Amino acid sequence: MNGIQRRVIAFGAIAATTTALLSGCALVPDLAPESLAANKSACESITSVWGSLASVLDPASLTDAGALESAGEALAGIPAQVQAAIETSTDSSLDGALSDLKKQIDAIAAGEAVDLASIATAGTGLAARCAVFGVTPNLSLPGM
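Residues numbered from 1 in each chain as written. Predicted model: local features only at pLDDT ≥ 70, side-chain atom pairs only at ≥ 80, totals over all residues. Heavy atoms only, no water.

### Topic: the overall build of the protein chain
Here comes step 1: Secondary structure assignment for the protein chain yields five helices and zero strands.
Here comes step 2: Tracing the protein chain from N to C terminus, the helices and strands come up as α-α-α-α-α.
Here comes step 3: A total of 144 residues make up the protein chain; the buried ones form 30% of that total.
Here comes step 4: A sequence separation of at least 24 residues applies to 70% of the contacts in the protein chain between residues at least 6 apart.
Here comes step 5: A total accessible area of about 8,300 Å² is found for the protein chain, and carbon and sulfur atoms account for 61% of it. (Helix = DSSP H or I, 4+ residues; strand = E, 2+ residues; numbered from the N terminus. Buried < 20%, exposed > 50% of the residue type's maximum accessible area, 1.4 Å probe, protein only. Contact = heavy atoms within 4.5 Å. Areas by Shrake-Rupley, 256 points an atom, 1.4 Å probe, with all protein chains shown as cover.)

This is the structure we're talking about:
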């Protein structure tokens, strides 16, 4: 086998490996117009959901009379809103980030301690994935 044949074989192996890796890669979004629109819509809806969550978690708002009641009412609707965004999304990475957020919200609703680090991590994942779809939601938390 001469040097040219080895290079052709090596190039073919590299090309096949690269193609196999990229075709199954979850980081590459579906660029079909319907999918882009659905994922953009899911990302845009998270901004209002995140705003509701941030208001529930804001210690300053809990000093007002009746704030606990309104926080409980706001928290009750958040899981359904996140689930609606999950159902709208067609991107597996976005679904994963939304599911991470929903898991944290469900834990808070069940009375568990608030894990701000996990919520912030979910927000970071959402912001990164939504940026792929041209949406930069404001996902800041009170005090951060």
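Still more ground to cover, so stick around.
### Quick word on the nonpolar core
Here comes step 1: Core analysis: the largest hydrophobic core is formed by 28 residues, its most contacted members being Leu94, Leu101 and Leu126.
Here comes step 2: Elements that contribute at least two residues to this core include exactly α2 (33–57), α3 (67–88), α4 (92–109) and α5 (116–132).
Here comes step 3: Per-element tally for this core: the top contributor is α2, with eight residues.
Here comes step 4: Once you skip the residues sitting within four places of it in the chain, Leu126 turns out to touch Ile46, Leu94, Ala97, Leu98, Leu101 and Leu139. (Core = buried A, V, L, I, M, F, W, Y, C linked by side-chain atoms within 4.5 Å.)

### Observations concerning the packing of α2 against α4
Here comes step 1: Orientation of α2 relative to α4, taken along the N-to-C sense of each, is 25°, at an axis distance of 12 Å. Between α2 and α4, the crossing angle belongs to the class labelled roughly parallel. Two packed elements cross with a definite hand, and for α2 against α4 that hand is left-handed. Across from Asn39, Ala42, Cys43, Ile46, Trp50, Leu53 and Leu57 in α2, the residues of α4 making contact are Leu94, Leu98, Leu101, Ile105 and Ile108. (Axes fitted to C-alpha atoms, helices over the stretch in contact; angles between N-to-C directions. Parallel < 35°, antiparallel > 145°, perpendicular 65-115°, else oblique. Left-handed = near helix turned anticlockwise from the far one by under 90°.)

### Some remarks on the state of the cysteines
Here comes step 1: Tallying each qualifying case throughout the model produces one disulfide.
Here comes step 2: The disulfide bridge from Cys43 ends at Cys130, spanning 2.2 Å between sulfur atoms. Residues Cys43 and Cys130 are joined by a disulfide whose S-S torsion is about -90°; by sign, that bridge is left-handed. Of the two residues, Cys43 sits in helix α2 while Cys130 sits in helix α5, which places them 87 residues apart along the sequence.
Here comes step 3: The class of Cys43 is buried, set by a relative accessible area of 0%. (Disulfide = S-S within 2.5 Å.)

### Notes on α5
Residues spaced three or four apart along an α-helix face the same direction, because each turn holds 3.6 residues.
Here comes step 1: The end-to-end C-alpha distance of α5, which contains 17 residues, comes to 25 Å, matching closely the 24 Å that a straight helix rising 1.5 Å per residue would cover.
Here comes step 2: Residues of α5 that are buried include every one of Ile119, Ala122, Gly123, Leu126, Arg129 and Cys130, and no others. The buried residues of α5 occupy one face: seen down the axis, they fall within an arc of 135°. In α5, the exposed positions that point more than 90 degrees away from the buried face belong to Ala117, Thr121 and Thr124.
Here comes step 3: Note on α5: the residue one or two positions beyond its end, Gly134, has a positive phi of about 80°. (Expected span 1.5 Å × (residues − 1). Arc of directions from axis to C-beta.)

### Topic: the pattern of salt bridges
Here comes step 1: As enumerated under the stated definition, the model contains two salt bridges in all.
Here comes step 2: Residue Arg129 pairs with Asp91 through a salt bridge whose shortest N-O separation is 2.7 Å. Note that Arg129 is positioned in helix α5 and Asp91 in the loop between α3 and α4, a separation of 38 residues in sequence.
Here comes step 3: Here Arg129 falls in the buried class, since its relative accessible area comes to 8%.
Here comes step 4: Under the relative-accessibility criterion, Asp91 is labelled buried at 5%.
Here comes step 5: With a closest N to O distance of 3.0 Å, Asp106 and Lys102 form a salt bridge. Within this pair, Asp106 and its partner Lys102 are both found in helix α4, separated by four residues, close to a single helical turn. (Salt bridge = Lys/Arg side-chain N within 4 Å of Asp/Glu carboxyl O.)

Geometric values such as these leave the question of function open.
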